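Notes for the structure review
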Amino acid sequence: MKSGQSTDNRNDDGRDAKSRSQSLDRGLRILETLGATDGTIGVRDLARELDLSKSIVQRLLNTLSERDFVEQEPVTRKYRIGPHAFEIGSSFMRGGSLAEVSLPEMEPMVREYKLNSYLGILREHEALYLATLQSSGPIAIQVSPGDRIPLHTTALGKALLLDMSDAEIKAVLNGSDLIRRTPKTKLSVAALVTEIRKARKQGYTLSEGENIIGIYSIGAPVRDSNGRIVAAISGALPQAMVLRGKLDQLGAVVAATAERISQRLGASRRKLASRGHAMSSA
């Protein structure tokens, strides 16, 4: 063993090097970095970003390029995400049975109630959109499958938190960046916990201009056959179209839609009813 060589078979991130492929890990880090980049990035900058040598980065890019996971811009010679990575990502964004089951149930929200409608799941400290449906109403909210949104500013994000204990909600929200999106954005974790307690009783969550000025949204959780929250849906409309009585009506519509999706995923009416009773008693 050379002098100064570590006997600890761990990488810088603390994981056991024997338990994973270093080349695969580096390749995935390249894809993550390219995916977070608007436009293209050169080998030198990519190597600096990942703290790797240019030769290693170039070798990995060559392999990824051969499989169309990345592609090189012919003039600048810089790299961007390739079509095969998009195809694989799109297959996930379709959400398999979740989106297939959810979208037909969400369409009446769009058609009859003019709600821009969304389906999303929890990913770490954010919500990830799986599907979006644009209504014929007066607003167009530019979001796409794959976009991530804050939990604390959106009705969909709050709905994903409904089954968590106060301590779990605080841990999730404290682990995220509670940015202010509008003057109405709540930045107090304690206030958000109180709001979610209320939402459990009414069966749906609200965002009243907290994510986009002048836009109200209503969210509700989607459950699997075990009664666990696996996703959430939401519907958005302009504040000008909202009367308090109508908001309550739309909340019932969104909650009923989420319940139908849950039933199609295998959740029984009895389990949903018992879960609703437990939530309202919390």
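Not measured: the values here are computed from a predicted model.

**Considering the overall build of the chain**
A count of helical and extended segments in the chain gives 10 helices and 8 strands. Put simply, 57% of the contacts in the chain that link residues at least 6 apart link residues at least 24 apart. Summed over its atoms, the accessible surface of the chain is roughly 15300 Å², and 49% of this surface lies on carbon and sulfur atoms.

**Let's talk about helix α2 (residues 43-50)**
Buried within α2 are the following residues: Val 43, Leu 46, Ala 47 and Leu 50. Down the axis of α2, the buried set is contained in an arc of 100 degrees. They therefore lie on one face. In α2, the exposed positions angled more than 90 degrees off the buried face are occupied by Arg 44, Arg 48 and Glu 49. Those residues of α2 that are buried are in contact with α1 (22-35), α3 (54-66) and β2 (79-81).

**Some thoughts on the side chain of Glu 195**
Counting through the fold element by element, Glu 195 comes out in helix α8 (residues 189-202). Sequence-distant contacts of Glu 195, defined by excluding residues within four places in its chain, comprise Lys 158, Lys 186 and Leu 206.

**Structural notes on the nonpolar core**
Grouped together as the largest cluster of nonpolar side chains are 27 residues, with contacts concentrated most on Leu 98, Leu 119, Ile 218, Val 222, Ile 233, Leu 237 and Val 254. Broken down by secondary-structure element, the contributors of at least two residues to this core are α5 (97-113), β3 (116-123), β4 (126-133), β7 (215-223), β8 (229-238) and α9 (244-264). For this core, the element with the highest residue contribution is α9, accounting for 6 residues. Sequence-distant contacts of Ile 218, defined by excluding residues within four places in its chain, comprise Ala 155, Tyr 204, Thr 205, Leu 206, Ile 233, Ser 234, Gly 235, Leu 237, Leu 247, Leu 250, Gly 251 and Val 254. Core analysis: the second largest hydrophobic core is formed by 26 residues, Ile 141, Leu 192, Ile 215 and Ala 236 among them.

**Quick look at the confidence of the model for the chain**
For the chain, the average pLDDT comes to 85, and 84% of its residues sit at 70 or higher. Confidence, read as mean pLDDT per element, is least for helix α10 (residues 269-281) in the chain (59) and greatest for helix α6 (residues 155-159) (97). Confidence over residues 1-17 falls short of pLDDT 50; this stretch has 15 contacts with residues more than four positions distant or in other chains.

**A short note on the sheet that holds β3**
A sheet is described by the order of its strands in space; here 6 strands give the open sequence β5-β4-β3-β8-β7-β6, paired in antiparallel fashion. Either end of the sheet is taken by a strand with one partner, and the two such strands are β5 (148-150) and β6 (205-208). Neighbour-to-neighbour, the strand axes of this sheet turn through a mean angle of 35 degrees, independent of strand direction. Sheet topology note: the β7/β8 ladder contains 9 bridges and is antiparallel. Opposite Ile 215, over in β8, you have Pro 238 as the bridge partner. In the packing of α5 onto the sheet, the strands contacted are β3, β4, β7 and β8, and the crossing angle to β3 comes to about 145 degrees.

**Describing the pairing of β4**
Of the strand pairs in this sheet, β3 and β4 are connected by 7 bridges, and their pairing is antiparallel. What sits directly across from Ile 121, in β4, is Leu 128. Connecting β3 to the next strand, β4, in antiparallel fashion are 2 residues, including Glu 124 with a positive phi near 60 degrees. One ladder, built from 3 bridges, connects β4 with β5; its direction is antiparallel. Bridge pairing in β5 places Leu 128 opposite Arg 148.

**Re the environment of Pro 138**
Among the structural elements, Pro 138 can be located in the loop between β4 and β5. Sequence-wise, Pro 138 and Leu 237 are 99 residues apart; in three dimensions their C-alpha atoms are separated by 8.4 Å. When neighbours within four sequence positions are excluded, Pro 138 is seen to be in contact with Pro 238 and Met 241.

**As for the packing of aromatic side chains**
Under the defined criterion, the tally for this structure stands at 1 aromatic pair. For the ring pair Tyr 118 and Tyr 129, a centre distance of 5.4 Å and an interplane angle of 45 degrees mean the geometry is tilted. Taken as a pair, Tyr 118 in strand β3 and Tyr 129 in strand β4 lie far apart in primary sequence, 11 residues in all. For Tyr 118, a relative accessible area of 4% gives the class buried. By relative accessible area, Tyr 129 is classed as buried at 7%.

**Digging into the packing of α1 against α2**
Axis separation between α1 and α2 bottoms out at 11 Å; the angle between their running directions is 110 degrees. By the angle between their axes, α1 is roughly perpendicular relative to α2. The hand of the α1/α2 crossing is right-handed. Of the residues in α2, those touching α1 at Arg 29, Ile 30 and Thr 33 are Leu 46, Glu 49 and Leu 50. Across the contact of α1 with α2, the residue classes break down as 3 nonpolar, 1 polar and 2 charged.

Definitions and cut-offs
- Residues numbered from 1 in each chain as written.
- Predicted model: local features only at pLDDT ≥ 70, side-chain atom pairs only at ≥ 80, totals over all residues.
- Heavy atoms only, no water.
- Helix = DSSP H or I, 4+ residues; strand = E, 2+ residues; numbered from the N terminus.
- Contact = heavy atoms within 4.5 Å.
- Areas by Shrake-Rupley, 256 points an atom, 1.4 Å probe, with all protein chains shown as cover.
- Buried < 20%, exposed > 50% of the residue type's maximum accessible area, 1.4 Å probe, protein only.
- Arc of directions from axis to C-beta.
- Core = buried A, V, L, I, M, F, W, Y, C linked by side-chain atoms within 4.5 Å.
- pLDDT = per-residue confidence, 0-100.
- Pairing = 2+ DSSP bridges.
- Axes fitted to C-alpha atoms, helices over the stretch in contact; angles between N-to-C directions.
- Phe/Tyr/Trp six-rings, centres within 6.5 Å; stacked < 30°, edge-to-face > 60°.
- Parallel < 35°, antiparallel > 145°, perpendicular 65-115°, else oblique.
- Left-handed = near helix turned anticlockwise from the far one by under 90°.
- Nonpolar A, V, L, I, M, F, W, Y, C, P; charged D, E, K, R; others polar.

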